[in-house]
Amino acid sequence: MQGKQKNITQVSTNSSPGLRKTFKARHLTMIALGGSIGTGLFLASGGAIASSGPGGALLAFSAVGIMVYFLMTSLGELATYLPDSGSFSTYGTRFVSPAFGFAIGWNFWYNWAVTIAAELSAATVIIKYWFPDSPSILWSLLFLLVMFGLNFLSSRGYGESEYWFAIIKIITVIVFLVVGVLMIFGIMGGKAVGLSNFQLGGTSFHGGFFAFVGVFMAAGFSFQGTELVGVAAGESENPRRNVPLAIRQVFWRILIFYILAILVIGLLIPYTNPDLLRGGIDAIGVSPFTIVFNKAGLAIAASVMNAVILSSVLSAGNSGMYASTRILYAMAKDGMAPRALGKLNRRGVPVAALLVTTAVGMLAFLASFFGDGVVYNWLLNASGMCGFINWLGIAICHYRFRHAFVAQGHSLDELPYRAKWFPFGPLFAFALCLVAIAGQNLGAFSGKSIDWYGILVSYVSLPIFALTWIGYRWFRKSSIIPLDQCDLSTPAE
């Protein structure tokens, strides 16, 4: 195999001949920055503080933030060495086994295809803030057409739209932090609050172990989306320069946008405030951001936050459509999906893969109108764990890649970007992902009787992933690739 050669072979990857290299450094940076800023921060952060107290929320989000940082450095090393729009599927196929690549690729596609449906549902609820009597189906169709159009035009359309979506979110968080700090010191919104709310009840931790685990899960869901930069690397103009630039932003993003925001909310709003538990997409007026802006005397806070959250939801759906389309295209090129899905139009867009992904997202959304949403809720719950499985895949692929690289006689100095803290980083991320997966629904086991339905809904993604992996391995006779035989060929600059 090519991977046995002592010198790194420069070849084209599946993504090179047709997909256009249109993403500039600013696009990748904003995809990395904006990937995890959304409803998890704007809405779910309030529930996290109410459940576990400000200290518990800070600890949970900090732990997950560290894990995500290590995962992003692992993905950065893989994506700069082998920039490919197949990303997870490609790395799994090369560095673990074709069966693992097949399973992780379809898991990633399903995760983001169903996310499109979830974001369509969320967007229709949010828009009712301004147009309460309008038909939901028309709004969902309009939003779907917008997402489809941005992806149909070109990859540049996705990159530009995500750039501006991210700008909106970043400006909102920065303004919130500035206003919050001014309020903490009494410069805005009345007298200074100091640390009184943070130490309410004599401690900043509340709710016990199960409450903390629940916040840990919520934090994990909030950060999902950061890995999209790995898919976008396949269409970057200069991935070996641009991807590391984007990856280096991750730590500061986590610190500024999540940790400081939760700190400000915990200082300004008592964790006992019942409104914190109502911060859903149907209660924008009581999201923690809106509460703080209202306290500062900004009368239009609810309307502004509604617009910001709508942009976040559309951004997530737009990203889901882009990422799942590219993964499906890459798997088709590798023979892991129907070959017809591997065709590009003259603008370098995999239209067939885009149409299939759009149709699945729309069908999943329409399923919410039947059977009281039972089918849709099943799909959505099943996709919840898929993000953690994807993260596990990153850690496994990076660990195997680095050992294969050394086993085949290469020097680490040859890597265009080297993840720090190896092997601690991927091992730490792997362990925390396992904890997150195991703790998806601990409440189902903690009652007097086991909630089998809750267990099935929460954990169904695990047997599906395992069956997909085992099934491909059985029918295609796929096995784990020895380290000295892993394919280390990489595209030319």
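1. Points about helix 13 (residues 301-333)
Relative to the 48 Å expected for 33 residues at 1.5 Å per residue, helix 13 spans 48 Å between its end C-alpha atoms, a close match to the ideal helical length. Of all 33 residues making up helix 13, 28 are buried, and the element is well covered by its neighbours.

2. A few points about the pattern of salt bridges
One pass over the full model with this rule turns up 3 salt bridges. A salt bridge links E77 to R402; the nearest nitrogen and oxygen atoms lie 2.7 Å apart. One end of the pair, E77, is in helix 3 (residues 44-81); the other, R402, is in helix 16 (residues 386-407), with 325 residues separating them in the sequence. Like E77, the residue R402 is buried in the burial classification.

3. Brief notes about the packing of aromatic side chains
With the rule as written, the count across this model stands at 28 aromatic pairs. When the ring of F70 is compared with that of F424, the centres are 5.6 Å apart and the planes differ by 85 degrees; the resulting orientation is edge-to-face. Within this pair, whereas F70 is found in helix 3, its partner F424 is found in helix 17 (residues 424-438), the two being separated by 354 residues in sequence. For F70, a relative accessible area of 7% puts it in the buried group. According to the relative accessible area criterion, F424 is partly exposed, its value standing at 43%. Measuring from ring centre to ring centre gives 5.8 Å for F176 and F293, while their planes differ by 90 degrees; the resulting arrangement is edge-to-face. Here F293 lies in helix 12 (residues 288-295) and F176 lies in helix 7 (residues 155-184), a separation of 117 residues in the sequence. For F293, a relative accessible area of 7% corresponds to the buried category. Members of the aromatic cluster, connected to one another through ring pairs, are Y81, Y91, F95, F401 and F405.

4. Description of unusual backbone geometry
The omega torsion across F422 and P423 is 5 degrees, close enough to zero to call that bond cis. Relative to the helices and strands, P423 resides in the loop between helix 16 and helix 17. Residues other than glycine seldom take positive phi values, yet W421 does so here, at roughly 65 degrees. Along the chain, W421 falls in the loop between helix 16 and helix 17. Overall, W421 belongs to the exposed group, its relative accessible area being 58%. Look at K477: it is not a glycine, yet its phi comes out positive at around 55 degrees. For K477, the location among the structural elements is in the segment after helix 20 (461-476).

5. A closer look at the packing of helix 4 (residues 87-95) against helix 16
Two elements in contact, helix 4 and helix 16, have axes separated by 9 Å at closest approach and are oriented at 40 degrees. Taken together, helix 4 and helix 16 sit at an angle that is classed as oblique. With respect to the hand of their crossing, helix 4 and helix 16 are arranged in left-handed fashion. Within the contact between the two elements, helix 4 uses F88, Y91, G92 and F95 and helix 16 uses N390, I394, C397, R400 and F401. Class assignment for the residues of the contact of helix 4 with helix 16 results in 6 nonpolar, 2 polar and 1 charged.

6. What about a nonpolar patch on the surface?
On the surface, a nonpolar cluster with roughly 500 Å² of combined accessible area is contributed by F251, W252, L255, I256, L260 and L263. Tracing the backbone shows F251 in helix 11 (residues 249-268). When its relative accessible area of 41% is taken as the criterion, F251 is described as partly exposed.

Cut-offs applied
Residues numbered from 1 in each chain as written. Predicted model: local features only at pLDDT ≥ 70, side-chain atom pairs only at ≥ 80, totals over all residues. Heavy atoms only, no water. Helix = DSSP H or I, 4+ residues; strand = E, 2+ residues; numbered from the N terminus. Expected span 1.5 Å × (residues − 1). Buried < 20%, exposed > 50% of the residue type's maximum accessible area, 1.4 Å probe, protein only. Salt bridge = Lys/Arg side-chain N within 4 Å of Asp/Glu carboxyl O. Phe/Tyr/Trp six-rings, centres within 6.5 Å; stacked < 30°, edge-to-face > 60°. Axes fitted to C-alpha atoms, helices over the stretch in contact; angles between N-to-C directions. Parallel < 35°, antiparallel > 145°, perpendicular 65-115°, else oblique. Left-handed = near helix turned anticlockwise from the far one by under 90°. Contact = heavy atoms within 4.5 Å. Nonpolar A, V, L, I, M, F, W, Y, C, P; charged D, E, K, R; others polar. Patch = residues over 30% accessible without salt bridge, like charges linked within 9 Å, V, L, I, M, F, W, Y side chains within 5 Å. Areas by Shrake-Rupley, 256 points an atom, 1.4 Å probe, with all protein chains shown as cover.

Nothing here speaks to function; it is geometry throughout.
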